[in-house]
Amino acid sequence: MSGRRILGCSRGLGTLPLLALVACSALVLSSAPLALAQNAADPAEAPTAPPEPDLPAPSVPAPPSQAPPITEPTPAATPTLPPEGAEQNPALPSGSASFAPLPEATREIAKPQPMQSPPPADSAPPAPAKPVSHAVHDQASKDDDSGGLLGPFRVGALVGTGLPEVANFGAQLKLTRFVGVGVNVGLIPTVKIRYYGDAAEKYREYDAYAHVYPFGGSFFFGTGVGYAKIDGTLVNRFNLADLNQQGISGSVDVTSSASVRTLVLTPQLGFLKIFDVGFAIGVDLGAQIPIAPSEVKFNTVAPGVPSAIADTVQKTYITPNDEKVRSTLNTVGRTPLPTFNLKIGWFL
């Protein structure tokens, strides 16, 4: 390259004096070390492309003071993407195409889900879910366990009729669906029932009972315990002329009355249906079992009997009349009797 410059200088300055030739040579020699120094200062930046060929020298070179220094082109740096999540370096030029920011992600990357292990081969498949049935709830709501004014407690009054009690009434308290307690009063007004005997009976019974509803519905079994008092009365009119007593005529009314008290045990088996509105109907079967009957006490009256024939009247009319009353009271008050009752009532 130095020889070319010297040759150009010598061609253009062939008529110049020797001093001009020496000055041109000195200029060329001073520019050569400067180019070598620039190449040695940046040894790491190696060209990525082969150097371009030298252009032919112009026919008329510029003056030495206006000639630009010859430098090699610097290759462009290869752009590198910043790692995900790293902030962009503000020192990089924003207008350079090599360092244009990447567009933001428009969708989220799904996170990997943990893999579920398959069920073992010998395990049974899961049973299908059974549909929920409200039949049981509907049936329970129709029964007497739905509650009343006092919530789970239901209190009500019952009246009924049956045997041996012609009339009965009482109250019952249902503590839960399964337990009920109550009191009962049974009455036989002064009526004559041939089943019990010839005497007319007046029956009163007072007992307390407990019922167990084993299925939480209407069926129950239980027992009651209390006292029963039975009064028997038999009135007969006898003709005194039948005694064949001289001077005795007319008739006499003999009223035989007696009473007995006994402790009774009353097992029961029955059905008591209580509707949601409170109306109740029931029926029960059982037995009255006397446990400790007292002695029959009589109060017989025979007004108008002459004292002369008092013993005869006693043996002939009064004693047989009393025995009929006793028989009736024994049947009612001392013999186990079957019971049957039909009741209706109302519960709160």
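Once a new chain begins, its residue numbering starts again from 1 and follows that chain's sequence as written. Given that the model is predicted, a residue must reach a pLDDT of at least 70 before its local features are reported, and side-chain atom pairs must reach 80 or more before they are shown or counted; all residues, however, enter totals for whole chains, interfaces and linings. Side-chain descriptors were evaluated using all non-hydrogen atoms of the structure, hydrogens and water having been removed beforehand.

**What to know about the overall build of the chain**
Next up, step 1: Per the secondary structure count, the chain includes four helices and nine strands.
Next up, step 2: The secondary structure elements of the chain, listed N-terminal to C-terminal, are α-α-α-β-β-β-β-β-β-β-β-α-β.
Next up, step 3: Accessibility here uses a 1.4 Å probe with only protein chains present; expressed as a share of the type maximum, an area under 20% marks a residue as buried, one over 50% as exposed, and anything in between as partly exposed. The burial tally for the chain puts 26% of its 348 residues in the buried class.
Next up, step 4: The contact criterion used is simple: two residues touch if any of their non-hydrogen atoms lie within 4.5 Å. The contacts in the chain between residues at least 6 apart in sequence include a share of 65% that link residues at least 24 apart.
Next up, step 5: Per-residue and other accessible areas follow the Shrake-Rupley method at a 1.4 Å probe size, with only the shown protein chains counted as cover for residues. Surface accessibility of the chain: about 23,900 Å² in total, with carbon and sulfur atoms responsible for 64%. The numbering of helices and of strands both runs from the N terminus, where a helix is a DSSP run of H or I of at least 4 residues and a strand a run of E of at least 2.

**Some details on the pairing of strand β7 (residues 279–293)**
Regular strands place side chains that alternate from one sheet face to the opposite one.
Next up, step 1: One bridge is not enough; two strands pair if DSSP finds at least two bridges between them. Examined bridge by bridge, strand β6 (residues 251–274) and β7 share 11 bridges and lie antiparallel to one another. From the neighbouring strand, Leu 272 faces β7, where its bridge partner is Gly 282.
Next up, step 2: What sits between β6 and β7 in their antiparallel hairpin is a turn of four residues, with Gly 278 showing a positive phi close to 115°.
Next up, step 3: Pairing geometry for β7 and strand β9 (residues 337–347), over 10 bridges, is antiparallel.

**Observations regarding the environment of Leu 263**
Next up, step 1: Tracing the backbone shows Leu 263 in strand β6.
Next up, step 2: Judged by relative accessible area, Leu 263 falls into the partly exposed class, the value being 23%.

**Here we look at empty space enclosed by the protein**
Next up, step 1: A cavity here means a set of 1 Å grid points, computed over protein atoms only, where a 1.4 Å probe fits but cannot escape. A pocket is an open set with protein on both sides within 12 Å along at least 5 of 7 lines, and lining residues have an atom within 4 Å of a point. Grid points are joined across faces, edges and corners, and a volume is the space filled by probe spheres set on the points. Tallied over the full model, the rule gives four cavities of 30 Å³ or more.
Next up, step 2: Together, 13 residues line the largest cavity, and Asn 184, Asp 207, Thr 266, Gln 268 and Asn 341 are the ones closest to its centre.
Next up, step 3: Elements supplying a minimum of two residues to the lining of the largest cavity: β4 (200–212), β5 (219–239), β6 and β9.
Next up, step 4: Nonpolar residues are Ala, Val, Leu, Ile, Met, Phe, Trp, Tyr, Cys and Pro. Charged residues are Asp, Glu, Lys and Arg, and all others, Gly as well, are polar. Looking at the lining of the largest cavity, its residues break down into one nonpolar, eight polar and four charged.

**Remarks on the packing of aromatic side chains**
Next up, step 1: Paired rings are identified among Phe, Tyr and Trp, the last through its six-membered ring, by centres lying within 6.5 Å, and are further divided according to the angle between planes into stacked (under 30 degrees), edge-to-face (over 60) and tilted (the rest). Within this structure, the stated rule accounts for four aromatic pairs.
Next up, step 2: Seen in terms of ring centroids, Phe 215 and Phe 219 are 6.2 Å apart; in terms of plane orientation they differ by 35°. Their pairing is tilted.
Next up, step 3: Residue class for Phe 219 comes out partly exposed when judged on its relative accessible area of 34%.
Next up, step 4: The criterion for a charge sitting over a ring is simple: Lys NZ or Arg CZ within 6 Å of the ring centre, and within 35 degrees of the ring normal. Cation over ring: Lys 174 sits above Tyr 213, and NZ or CZ is 4.0 Å from the ring centre.
Next up, step 5: Positioned over the ring face of Phe 275 is Lys 273, at 5.5 Å from the centre of the ring.

**Some points on helix α4 (residues 310–334)**
Next up, step 1: Helix span is expected to be 1.5 Å times the residue number reduced by one. Across its 25 residues, α4 extends only 31 Å between first and last C-alpha, which sits more than 12% below the 36 Å expected from 1.5 Å per residue.
Next up, step 2: At any given residue, the bend is defined as the angle formed between two axes, one fitted to the seven residues that end at that position and one fitted to the seven that begin there. Approximately 35° is the largest bend angle found in α4, and it occurs at Ile 318, with the proline Pro 320 only one to four residues beyond.
Next up, step 3: Every buried residue of α4 is listed here: Val 313, Tyr 317, Ile 318, Asn 321, Asp 322, Val 325, Thr 328, Leu 329, Val 332 and Gly 333.
Next up, step 4: In this fold, the buried residues of α4 make contact with β4, β5, β6, β7, β8 (297–298) and β9.

**Examining the confidence of the model for the chain**
Next up, step 1: What pLDDT conveys is the predictor's confidence in a given residue, as a value from 0 to 100. Residues of the chain with pLDDT of at least 70 account for 57%, and the chain-wide mean is 73.
Next up, step 2: The model gives residues 39–47 a pLDDT under 50, and that stretch makes three contacts with residues more than four places away or in other chains.
Next up, step 3: Overall, residues 140–145 carries pLDDT values under 50, and its contacts beyond four positions in sequence, including any with other chains, amount to 21 contacts.

**Looking at the nonpolar core**
If you look at soluble globular proteins, the nonpolar side chains tend to sit buried side by side.
Next up, step 1: By convention a nonpolar core is built from buried Ala, Val, Leu, Ile, Met, Phe, Trp, Tyr and Cys residues, the set being connected through side-chain atoms within 4.5 Å. Ranked by size, the top nonpolar core spans 16 residues in total, and within it Tyr 203, Ile 230, Val 325 and Leu 329 carry the most contacts.
Next up, step 2: Breaking this core down by element, the ones donating at least two residues are β5, β6 and α4.
Next up, step 3: With residues up to four places along the chain from it excluded, the contact list for Val 325 reads Ala 199, Gly 232, Thr 233, Leu 234, Ser 256, Ala 258 and Phe 298.
Next up, step 4: Of all hydrophobic cores here, the second largest spans 10 residues; its members include Phe 238, Ile 248, Ile 309 and Val 313.

**Some thoughts on the side chain of Glu 201**
Next up, step 1: Tracing the chain through its elements places Glu 201 in strand β4.
Next up, step 2: One buried charge, Glu 201, has no salt-bridge partner; the nearest side chain with opposite charge is Lys 192, at 8.5 Å. We treat Lys and Arg as the positive residues and Asp and Glu as the negative residues; His and chain ends play no part in the count. The working definition used for a salt bridge is a side-chain nitrogen of Lys or Arg within 4 Å of a carboxyl oxygen of Asp or Glu.

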